[in-house]
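# Results of the structural survey
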Amino acid sequence: MAQPAAKAYHRTTVYLTDEQRQWLRRAAAKAQLAGLTVSASDLIRLALSRLQEQVTEKQLHKELAEHVLAEAELYPGRAKRGLPTR
């Protein structure tokens, strides 16, 4: 009988705002100071797990479009990748 494939993490690249990156680093550092051996990746995976559990696909699409449109006002370079319709 074949052995089940081992689960593994996969490296990916994400782009964060300065504020998001700073918050992520502070949150991971504070957790480590409290004795938790965690990383920024652990925090990101927690956030994604919660998002998957709490938001329907329809809600996600609506909120994501709103977020991208609002973000494009602060970060004009975002619009170069295309914007969703309202």
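Anyway, here's the lowdown on the structure attached to this text. These figures come from a predicted structure and were not determined experimentally.

Moving on, we come to the packing of helix α1 (residues 18–33) against helix α2 (residues 40–54). Two numbers describe how α1 lies on α2: the axes approach to 9 Å, and their chain directions differ by 110°. On the basis of the axis angle, α1 is roughly perpendicular to α2. Contacts from L24, A27 and A28 in α1 reach A40, L43 and I44 in α2.

Let us look at α1. Here α1 spans 22 Å end to end across 16 residues, near enough to the 22 Å set by a 1.5 Å rise per residue. If you check which residues of α1 are buried, you get L24, A27, A28 and A31. Within α1, the buried residues cover an arc of 95° as seen down the axis, which keeps them to one side. Relative to its buried face, α1 has exposed residues pointing more than 90 degrees away, namely E19, R25, K30 and L33. As for α1, its buried residues are in contact with α2.

Analysis parameters
- Residues numbered from 1 in each chain as written.
- Predicted model: local features only at pLDDT ≥ 70, side-chain atom pairs only at ≥ 80, totals over all residues.
- Heavy atoms only, no water.
- Axes fitted to C-alpha atoms, helices over the stretch in contact; angles between N-to-C directions.
- Helix = DSSP H or I, 4+ residues; strand = E, 2+ residues; numbered from the N terminus.
- Parallel < 35°, antiparallel > 145°, perpendicular 65-115°, else oblique.
- Contact = heavy atoms within 4.5 Å.
- Expected span 1.5 Å × (residues − 1).
- Buried < 20%, exposed > 50% of the residue type's maximum accessible area, 1.4 Å probe, protein only.
- Arc of directions from axis to C-beta.

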